Amino acid sequence: GLQILSKQRCESLYNSIDKNNDGKVTMKELRKASYENKDFSALLNGKTLNNEGAKKLKDFLDKDGDKYVSREEWLMAFGFKVSEKKHTGMQAVMALPGIVEAFKVLKVTKEDFEAEAKETFDIYDSNECGAISIKELEKCLSDIAGEKVETWLLKRVFKGLDVDGNGKISLDEFYVLVAKAYLEEGKKEARL
């Protein structure tokens with residue numbers, strides 16, 4: 001198991017491994033740190049990591065599968081509670097499993113996606129208040145489904161999208177709905 005460190009030590013260790021300070025520790029950074037970083041090396045009982053070892057450690061720490069170890073994931077590995085920040089916007093979209101593949105299959109770029117999501121959002125934000133109400137979402141889902149959406153389903157989708165719980169769906173929150181539609185499309189395309 002990992003040695004017990006104070007949260008502060010834990011954070012400063014993360015910072016010293018994350019050489020370029022981008023809040024993402026890569027497999028390479030882990031491997032390098034096992035050679036160069038005394039504190040990290042001590043944590044590994046003086047072992048150095050080869051590529052395979054670094055990959056195993058990264059896979060173990062990387063809970064959301066985005067190929068990096070974030071500060072939160074690092075702290076969680078040492079048993080520290082981290083307030084789970086829910087992602088919204090493009091960050092949440094890119095964290096969806098399979099989305100990168102769906103974009104490839106559908107031949108869209110991130111920029112295309114953002115533009116289309118914004119355009120769709122503006123269509124359904126009928127009173128132009130910069131947010132979508134449950135009524136406006138109902139129209140949007142009915143248009144997508146081609147039929148009226150059941151109330152229970154509407155409520156469930158709305159609750160799932162309204163990450164900050166303010167009773168409205170912001171553009172950032174709306175991205176995730178559009179991304180899920182893209183995932184479905186991508187799956188269909190891939191099957192053809």
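Residues numbered from 1 in each chain as written. Predicted model: local features only at pLDDT ≥ 70, side-chain atom pairs only at ≥ 80, totals over all residues. Heavy atoms only, no water.

It is worth spelling out helix H1 (residues 7–17) at this point. All of the buried residues in H1 are Cys10, Leu13, Tyr14 and Ile17. Mapping the buried residues of H1 onto a view down its axis gives an arc of 100 degrees, with all of them on the same face. (Buried < 20%, exposed > 50% of the residue type's maximum accessible area, 1.4 Å probe, protein only. Helix = DSSP H or I, 4+ residues; strand = E, 2+ residues; numbered from the N terminus. Arc of directions from axis to C-beta.)

For the rest of this paragraph, the subject is the environment of Lys24. Structurally, Lys24 is set in the loop between H1 and helix H2 (27–36). Take Lys24: its relative accessible area is 36%, and that puts it in the partly exposed class. For Lys24 and Gln8, which are 16 residues apart along the polypeptide, the C-alpha to C-alpha distance reads 18 Å. Apart from the residues lying within four places of it in its own chain, the contact partners of Lys24 are Tyr14, Asp18, Glu29, Tyr68 and Val69. (Contact = heavy atoms within 4.5 Å.)

A separate point is the state of the cysteines. Evaluated as defined, the whole model comprises zero disulfides. With no disulfide partner, Cys129 has as its closest neighbouring cysteine sulfur the one in Cys140, 14 Å distant. Judged by its relative accessible area of 48%, Cys129 is partly exposed. (Disulfide = S-S within 2.5 Å.)

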